[in-house]
Amino acid sequence: MLRLECPNCGVRNTSEFRYGGEQNPRPTPSTEVADADWIRYLYERRNVMGVQIEWWYHRAGCGIWFLVERDRRSNIVARTWRWQPDGAAAAEGSHSP
Amino acid sequence: MSGRRLPAQTGESLDRGQPLEFRFDGHSYQGFAGDTVASALTAAGVNVVSRSFKYHRPRGLLCCAGHCPNCLVQIGDEPSVRSCKRALEAGMDVQPQNAWPSLDNDLLSLTEAASRFMPVGFYYKTFHRPRLLWPAFEHVLRNAAGLGVIDENTPEGDYDKQYLHADVVVVGGGPAGVSAAVAAVDEGARVLLIDENPELGGHLRYSRPDAVAHARIVDGQQRLLQSGGTILNDTAVVGWYEDHWLSAVRGNRLFKIRAGAVVVASGAFETPSVFAGNDHPGIMLGTAVQRLLHLYGVVPGHRAVVVTANDTGWAVAADLLAAGVNVAAVADERPQLPVGTDIEALQAAGVTLLPGSTIAAARGKSGVEEVTLVAVDGSSGSHVVRCDFVALSTTWVPSAELAYMAGARSCYDDELAEMRLDNLPDGLFLAGRVAGPCSAEQEWLQGARAGAAAAGNTDDLPIAASQDVQATARSSALVAAPDVGGDKRFVCLCEDVTDVDIETAIAEGFDRIELLKRYSTVGMGPCQGRMCGLNGIRLCAQGTGKSVQDTGRTTGRPPVTPVALGVLAGQKMEPVQLSAVHDWHVDQGARMMVAGLWMRPEHYGDAAAEVRAMRQTVGLIDVSPLGKLQLTGPGVAAMLERLYVNNWQDLRRGRVRYGIMCNDEGVVLDDGVCARLSDEQWYVSTTSTGASGALEWMEWWRQSGWGDGVHITDLTETHAAFNLAGPQSRALLQTQTDRDLSNDRFPYMRARRADVAGVPCLLLRIGFTGELGYEIHCPAGYGRYLWQRLIDAGADFGLRPFGVEAQRVLRLEKAHFIVGQDTDALTDPISADAAWAVHLDKDCDFLGRRALTRIATDGPRQRLVGFRTGRRADSLLEGLQIVQSDDRGKPQIIGWVSSCRFSPTLQETIGLCWLPAALAERSEATFHIHVDGRLEPARVHHGPFYDAEGARLRG
């Protein structure tokens, strides 16, 4: 069983966590986004064969939603971090999941 | 020597003072405590233990190490027991498997006469036509090819699991493993040593007694235990998973082990070679013979032929000679006889020694009687030698399943004729024979090195130099013995697959190793390729002209050894949450039901009476499973605006509002009421079954940008909640509180804090059931007390507790939908008749806005709507389909019933259903529900069925 490092609690078994899918920023304002972009947000997952930034939730622990950079081929996790408005996530043009 | 039991010797596992009686195939035998079932049978002269899977050929002991299928027996009600590993117990009733009517006289062995009609892959080719007869064929085949009998009357076993943690887990308790464990513990690591045998020692237990090596094991075990290490005996590690998560089984217990690092010191095992008649009882592996000799003091016969390709075979021959067995011949595949004391002893005894030779055929009736030994290069004539057993010591395979699962690559060493491992993942170390041939000294040194490295010592230890000692070859390079005709040449003993079958399958195009396995079934039996894996790969390589390395190997997956399903199932545990009032419900004879994670009272005996009591006087239901969240902070209203389709900014203090939460597809996720207790403090309830999902959803948005200063505290488990409802509810509640409950001071859809019976409570005046009612929330610790006080006080008011079933009826009479029952993963609130809750005009980009704007514009295609029948129609059930005849009179499904109950209040069957929007809009329109081929009429009904104006709620 894979382990993940919770930003609050440290390294724990993945059975304590819930996977939240790839990071998928919500385009805003929703009513003005082009159809193609909205469809991509709602239905089209990138499903990369490689490094992905994804959400995890520490369900059986502290209740934090955090981001994980994981190589889906090897399951090697490069880093895990708490979402920050002006941090790494913001650099990708996102202020929401 | 006449019997097969040798005089007592040092190192044997027997307690000869304790004889044990047991039965096999209807006969009585005697063994000793410390015997396995198989060793006791061998000592008693039983050679045939089982019949083979396909041809029902007699089979005897082969590996004596728990790998091969030959010794599988039924013991009492337990099928497929490996008799070579199972300790003998007094009174055991052992039965052969796969033989009828008896082992000696198995009528199904006649199948072999028809073997030319059962070529490789026959079940893909035959018995399929005529189709009509397949069930009959299947019945016959299932009975003909089986592995024991499951007794359905067997009581359930007692299984459990245990979690273990260690810095270093060492798999294998032989010299390399013990050495690794000691080295790791010396480095200060928490060490867990796991061994499949009852005692440590590995191959030292049965191979040549070596005083130095034995002393090291004993000393190592002591040091390990003194330093806080743990040893698990009789435990098989069956799986490796990511981040060194191991599964292991001992008896009825499953261990789940988290290791910092793993040392695989699981050794190597022998496999048989391919020659004519190689499955005759009496043909066994050299290590099997040594186990019988040294652990159980048993010889498998009196006249032996030893076939080898390495020095270990000579040790077997010399040991047999020393045990008084007549060794008829020793054939060594190598062109030159090696030099050593073993050979000198055999030469002195006048044993026929044949260098450059191997076995080509074995013959006999129920066991081997004579063998043909031939020159490997075909240069000289053959020798026919009479014997009653054969020891094969030709091929070694590293026991590397765990390393493969962990991602190690196999690479075939053509010089050694063995698989080696490379590309080991981080934190996985090999030591001893699993890493390749090595001497006793090398095993010890490799173990120490691996153990220290696993414990984090990365120093270049001086003993590393010992790795450079030239390893000696130990395996045969022959793919199969020279063909001298005669009997079948088996590759896979589990599934009776021969070398001809493999060749045929390759000729038919199944020339990749994974395809070949699936088509021919080679390696798919109980041994999972342990006995036949390498031979299958070599034959495939030979048949395709590829190298063994390029042929590759089939993917190894857990479990390494068979695991009983009960071990995986574990204890029967279905954890449920219990409300603070649970015991009271049970004491009152409530019929309890599982609802989501909770146990809830379905009813207390008469749900209809509970409905009537609530409508006429007052009822009380435990709604503690409701999701209960406290939201605080300046940004709560703004966050709720974004999460819910409703307006929240305008909700004033002390007020309650019903809300619906959607996702961006406009699909209803959850609903509940939100109360604004103060400007910055809100109390939010969610559905009972969706409580955790709703919290996770809200937390996600809160923690990723929408939670400006908001805190969410989950009170679901810390607070109890009751709904006191009915015309008398106010009067009853007023007796327990000083808070003025009059309609002016505490109107409908308001929240008030109040002490009720001295308990601090939050009261919500809401009405899911359609009557005047109060939802009472209090800390769970007061729950039982408060419930009892309300019940006691309710006696004067005709109070009756009610359960989930009555609540379902009551809310249906009000036409309230239940999320998850009347809605599904495609339901939007507009279609679900809750468009009034959706505020598309609010000044906020809320979740679902875009989708709901579109639905509001286009109009829904299906709508949730009420229906009534005007009668009692108990045949109408939830989930039934609503049909309509099309133009040609063919019935089409146009909708379905999502809720349906007989209403005791209205004295008719009512429900909620999904209908095409055009039909749903027509009040009183008749439609038909399909019930077992009949059509039951029903009429569309708009709005609540009961008290449509809501006067009772507000009064």
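Please read these numbers as outputs of a predicted model, since none were measured by experiment.

Novice: Could you give me a rundown of the overall build of chain A, with the residues and numbers involved?
Specialist: From N to C terminus, chain A includes 2 helices and 6 strands. Expressed as a percentage of its 97 residues, the buried residues of chain A come to 43%. Taking contacts inside chain A between residues at least 6 apart in sequence as the whole, the part at least 24 apart equals 46%. Carbon and sulfur atoms make up 47% of the accessible area of chain A, which amounts to about 5200 Å² in all.

Novice: I'd love a proper account of the packing of helix α11 (residues 499-507) of chain B against helix α12 (residues 513-520) of chain B, names of residues and values included.
Specialist: Residues and elements named next belong to chain B. Their axes nearest at 10 Å, the elements α11 and α12 cross at an angle of 120°. The angle between the axes of α11 and α12 places the two elements in the oblique class. Relative to α12, α11 is oriented so that their crossing is right-handed. Contacts between α11 and α12 pair Ile-502, Ala-505 and Ile-506 from the former with Leu-516, Tyr-519 and Ser-520 from the latter.

Novice: Describe the packing of aromatic side chains, naming the residues involved and giving the relevant values.
Specialist: With the rule as written, the count across this model stands at 24 aromatic pairs over all chains. Residues Tyr-163 of chain B and Trp-245 of chain B carry aromatic rings whose centres are separated by 6.3 Å and whose planes lie at 40° to one another, so their mutual orientation is tilted. Remark: Trp-245 of chain B occurs in strand β12 (residues 245-250) and Tyr-163 of chain B occurs in strand β8 (residues 160-171); sequence separation between them is 82 residues. According to the relative accessible area criterion, Tyr-163 of chain B is partly exposed, its value standing at 44%. What links up through ring pairs into an aromatic cluster is the set Trp-55, Tyr-57 and Trp-65 of chain A together with Trp-697, Trp-700, Trp-701 and Trp-706 of chain B. A cation over a ring is seen here: Lys-488 of chain B above Tyr-55 of chain B, with NZ or CZ 4.6 Å from the ring centre. Looking at Arg-615 of chain B, its charged tip hangs above the ring of Tyr-946 of chain B, at a distance of 4.0 Å from the centre.

Novice: Quick one: what's the story with unusual backbone geometry, residue by residue and with numbers?
Specialist: Geometrically, the link from Thr-28 of chain A to Pro-29 of chain A is a cis peptide bond, its omega value of -10° lying close to zero. Among the secondary structure elements, Pro-29 of chain A is positioned in the loop between β3 (18-22) and α1 (35-43). Note the cis peptide between Pro-558 of chain B and Pro-559 of chain B, where omega equals 0°. By secondary structure assignment, the location of Pro-559 of chain B is in the loop between α14 (548-551) and α15 (565-569). If you check the backbone angles, Asp-243 of chain B has positive phi at about 55° while not being a glycine. Secondary-structure assignment places Asp-243 of chain B in the loop between β11 (236-241) and β12. At Asp-947 of chain B, a position not held by glycine, the phi torsion is positive, near 50°. Classification of Asp-947 of chain B as buried rests on a relative accessible area of 15%.

Novice: How would you sum up the interface of chain A and chain B? Please name residues and give values.
Specialist: As a measure of interface size, the accessible area lost when the parts come together is often cited. On the chain B side, the residues contacting the 30 residues of chain A number 22 residues. Taken together, chain A and chain B are joined by 19 residue pairs in polar contact (both at pLDDT 80 or more). Contributing elements (two or more residues each) for the side of chain A that touches chain B: α1 and β4 (51-57) of chain A. Here the side of chain A that touches chain B takes 5 residues from α1 of chain A, the largest share from any one element. Residue composition of the side of chain A that touches chain B, by class: 15 nonpolar, 9 polar and 6 charged.

Novice: Describe the pairing of strand β25 (residues 418-422) of chain B, naming the residues involved and giving the relevant values.
Specialist: A regular strand carries its side chains on alternate faces of the sheet. Residues and elements named next belong to chain B. Pairing geometry for strand β24 (residues 409-413) and β25, over 5 bridges, is antiparallel. Pairing of Cys-411 across the sheet is with Arg-420, part of β25. Adjacent in sequence and paired antiparallel, β24 and β25 are bridged by 4 residues, among which Ala-417 carries a positive phi angle near 60°.

Novice: So what's going on with the confidence of the model for chain A? Residues and values would help.
Specialist: On average, chain A scores 88 in pLDDT, and the residues at 70 or more come to 88%. For the stretch residues 88-97 of chain A, pLDDT sits under 50, and the model shows 30 contacts to residues farther than four places along the chain or on other chains.

Novice: Explain the environment of Ala-43 of chain B to me, using residue names and the numbers behind them.
Specialist: Take Ala-43 of chain B: it is sitting in helix α1 (residues 37-43). Apart from residues lying up to four places away in sequence, Ala-43 of chain B is in contact with Arg-4, Arg-5 and Val-298 of chain B.

Novice: Which residues make up the confidence of the model for chain B, and what values do they have?
Specialist: The pLDDT averaged across chain B works out to 92; a share of 95% of its residues lies at or above 70. Interface predicted TM-score (ipTM) for the complex: 0.92; the corresponding pTM is 0.85.

Novice: A description of the sheet that holds strand β20 (residues 370-375) of chain B should follow, citing residues and the corresponding values.
Specialist: All names here are of chain B. Strand order in the open sheet formed by 3 strands is β19-β20-β21, and the pairing between neighbours is antiparallel. Looking at which strands have only one partner, the edges of the open sheet turn out to be β19 (357-363) and β21 (383-386). Going across the sheet, the axis of each strand differs from the next one's by a mean of 30°, ignoring polarity. As paired elements, β20 and β21 share 4 bridges and run antiparallel to each other. For Thr-372, the partnering residue across the bridge sits in β21 and is Val-384.

What counts, and at which threshold
Residues numbered from 1 in each chain as written. Chains lettered and ligands numbered in written order. Predicted model: local features only at pLDDT ≥ 70, side-chain atom pairs only at ≥ 80, totals over all residues. Heavy atoms only, no water. Helix = DSSP H or I, 4+ residues; strand = E, 2+ residues; numbered from the N terminus. Buried < 20%, exposed > 50% of the residue type's maximum accessible area, 1.4 Å probe, protein only. Contact = heavy atoms within 4.5 Å. Areas by Shrake-Rupley, 256 points an atom, 1.4 Å probe, with all protein chains shown as cover. Axes fitted to C-alpha atoms, helices over the stretch in contact; angles between N-to-C directions. Parallel < 35°, antiparallel > 145°, perpendicular 65-115°, else oblique. Left-handed = near helix turned anticlockwise from the far one by under 90°. Phe/Tyr/Trp six-rings, centres within 6.5 Å; stacked < 30°, edge-to-face > 60°. Lys NZ or Arg CZ within 6 Å of the ring centre and 35° of its normal. Polar contact = N/O pair within 3.5 Å; in protein donor to acceptor, adjacent residues only side chain to side chain. Nonpolar A, V, L, I, M, F, W, Y, C, P; charged D, E, K, R; others polar. Pairing = 2+ DSSP bridges. pLDDT = per-residue confidence, 0-100.

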